[in-house]
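Chain and residue survey
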Amino acid sequence: MKSYLDLIGISNKVNKKTTRLVRLCIVLSVFLVTAIFGLAEMAIRMEASRLIEKHDSGIITSLMDNAGVQLYLIVAFVLFLLVLIASVLMIASSINSNIAQRTKFYGLMRCIGMTKKQIKKYVRREALSWCKLSIPLGNVLGIFTTWVLCLVMKYGIAGEFAGIQTNRISIISIFFGACVGLISVVLAAQAPAKKASSVNPIIAVSDQDTSVSSSLLQAKHVGIDTVLGMNHAFNSKKNLFLLVSSFALSIILFLAFSTLVQFVNYIMPQLSNTEDLKIIAAEEGALIDPGLVSSLERIGGVKRVYARNNAFDVQATVNGTSTELIDIVADSDFDLESLKKDGFLKNNVDVDKIKGNSFLALSTWDKTVDFTVGDELDINDYPIEVVGLLKQDIYTADGMTHGKRTLIVSNDTFEELMGEIGYSTVLVQLEESISEGQVKSIIKKIPEQYLVEDNREYNTASTYWIFTFFVYSFIVIIALVAMLNIINAISVSVTSQFKRYGMMRGIGMELRQIKKVIIGEACVYSIIGLIFGSGLGLLLSKAIFDSLIGSHFEYATWEISPSNIIFILLFVILATTVAVESSFTRVRKMDVVSQLS
């Protein structure tokens, strides 16, 4: 052995199990960034191919000015920074845990003459040595995942992703993946290296317990074993702050990024009644023959045909007192069902009652008007009752009514009210497996007095699902990173108390009582973290909602999501349970005699 640094290779073999979690953290970080940049590059190449088809020159300028490309780059770099920050915290916590388990080793190194500077260098070099296999493994997993996701987008989602490449190796993604692995390890190793160099060699080799005993907390309804754990949590202020922060930060990030899911829903709403083909009369004011609907339904490749009608500035008497001009929209049964399915209804309404010749209606609504359920309108001597309200005006660009009511009735009710037989619009949804030739054949069968709009290219379903996938993936990543960090942090806390646990076992305390001590300590961290995290997270979520959504969609209202609260509670319970079981397993395997000697 020529240098003390040669011990690193030997140490890695001996401590392979104890460093497994650190190496896993590095692999996870590299994998995430490699996949993120791989997908971003594939999406940009797809956009470039699309622009090349449209433009003969100026492709670079068009590409850089393209909003989609800019969004891909921004999202990729933002996620890169967030993964880097999370990785540093996660890897630093893992290295700290590793050092806490090897305090005696570093003490012995100091005893044989190694300086503090050499200890720091040793810890940093050892951390970098874990990157040798972890970074390539993370790159390979990231590339493989990119290929799989591209295949899913190309053949599963299709649409605008039909032109995406599926088997290309992204050099950029490999580079940034390796960068996040190296940078995060270098940054994460700084504090643990300093901690390892400050180990007192005499105390480390003699196994003396440096923890300060403290008085027990007064508790009437909690067992003494649980109180011991709670007492340790409250007396270690620094550890309390770090662990509460781990829980709170994960909850805050989850609530903040959950708002992005809402944002995507607002900018790219996915409606059940979105059409592929739209048919209108070529002559203004003319109606479409109802027979066209039945003839289209019999054509192969057609999934659904539905029709609408409308009338504007119709005079109506409201509640027998005031007279106003309203708009009336006649919806098919499928449209009425879609309003409920897509969450547009403000109150719980049985839309089946509105179908047919019912003379019942839905009304548009916003917070500036006094439209209410139960309003009665007289239109052309026919009484119409409002049985439900929409959360917004779906027929205006900004979602506001601007003081004008729009009634939604069934096609049958509209025919009775207005005396018109026919439709202003016929809409067609096509089967997903339909070929382009079949679509052209369907369009040719439509009589020439009608105009056909092919709206398939405006379908944002594939884009919506890919962005939703990214957002939810990142939320899952946040939860995973936070859980690993919490497990490590509690493990470090338990490791630092091994001698105390050995003394407890020596005086006759049972393992189940030791477990209650750990549970008591972990519950302090999780409960306080839950309170602070939920409070600050909801405030941040509200602020993001107001700035990102509320400022652009006046009808949007922020609400506490019950599903988010349930997810947070389940996460906290799961993280605490896993951390307790992981720590208790180590205590159970502890050699009591060696701790007392």
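Structure: see above.
Bear in mind that the values here come from a model prediction, so they are computed numbers and not experimental data.

On to the pattern of salt bridges. Side chains bearing opposite charge may pair, as long as their charged atoms lie close to each other. Inspection of the entire model under this criterion finds eleven salt bridges. The partner of K404 in a salt bridge is D327, with the nearest N and O atoms 3.1 Å apart. Of this pair, K404 sits in the loop between β6 (382–389) and β7 (406–410) while D327 sits in strand β3 (residues 322–331), and the two are 77 residues apart along the sequence. With relative accessibility at 27%, the residue K404 sits in the partly exposed group. The buried category is assigned to D327, whose relative accessible area is 14%. Two residues, E436 and R456, come together in a salt bridge whose shortest N-O distance is 2.8 Å. Of this pair, E436 sits in helix α16 (residues 436–444) while R456 sits in the loop between β9 (450–454) and α17 (461–495), placing them 20 residues apart in sequence. Take E436: its relative accessible area is 43%, and that puts it in the partly exposed class. On the basis of relative accessibility, which here comes to 26%, the residue R456 falls in the partly exposed class. Among the charged side chains, a network of salt bridges with common partners joins D313, D327 and K404.

Where helix α5 (residues 103–111) meets helix α6 (residues 116–129), the axes come as close as 10 Å, and the angle between the chain directions of the two elements is 135°. Put simply, α5 runs oblique to α6. Handedness of the crossing formed by α5 with α6: right-handed. Contact with α5, carried on its side by F105, Y106, M109 and R110, involves K116, I119, Y122, V123 and E126 of α6 and no other residues of that element. Per-class residue counts for the contact of α5 with α6 are six nonpolar, no polar and three charged.

Taken together, the side chains of I527, I531, F532, L536 and L539 make up a nonpolar region of the molecular surface, amounting to roughly 550 Å² of accessible area. Residue placement: F532 occurs in helix α19 (residues 511–550).

As a further point, take the side chain of S424. Structurally, S424 can be placed in the loop between α15 (411–418) and β8 (425–430). Only 3.3 Å separates the side chain of S424 from the side chain of N310, close enough to count as a polar contact. Once residues within four sequence positions are removed from consideration, S424 is found in contact with I279, I280, A281, L287, I288, R308, N309 and N310.

Basis of the calculations
- Residues numbered from 1 in each chain as written.
- Predicted model: local features only at pLDDT ≥ 70, side-chain atom pairs only at ≥ 80, totals over all residues.
- Heavy atoms only, no water.
- Salt bridge = Lys/Arg side-chain N within 4 Å of Asp/Glu carboxyl O.
- Helix = DSSP H or I, 4+ residues; strand = E, 2+ residues; numbered from the N terminus.
- Buried < 20%, exposed > 50% of the residue type's maximum accessible area, 1.4 Å probe, protein only.
- Axes fitted to C-alpha atoms, helices over the stretch in contact; angles between N-to-C directions.
- Parallel < 35°, antiparallel > 145°, perpendicular 65-115°, else oblique.
- Left-handed = near helix turned anticlockwise from the far one by under 90°.
- Contact = heavy atoms within 4.5 Å.
- Nonpolar A, V, L, I, M, F, W, Y, C, P; charged D, E, K, R; others polar.
- Patch = residues over 30% accessible without salt bridge, like charges linked within 9 Å, V, L, I, M, F, W, Y side chains within 5 Å.
- Areas by Shrake-Rupley, 256 points an atom, 1.4 Å probe, with all protein chains shown as cover.
- Polar contact = N/O pair within 3.5 Å; in protein donor to acceptor, adjacent residues only side chain to side chain.

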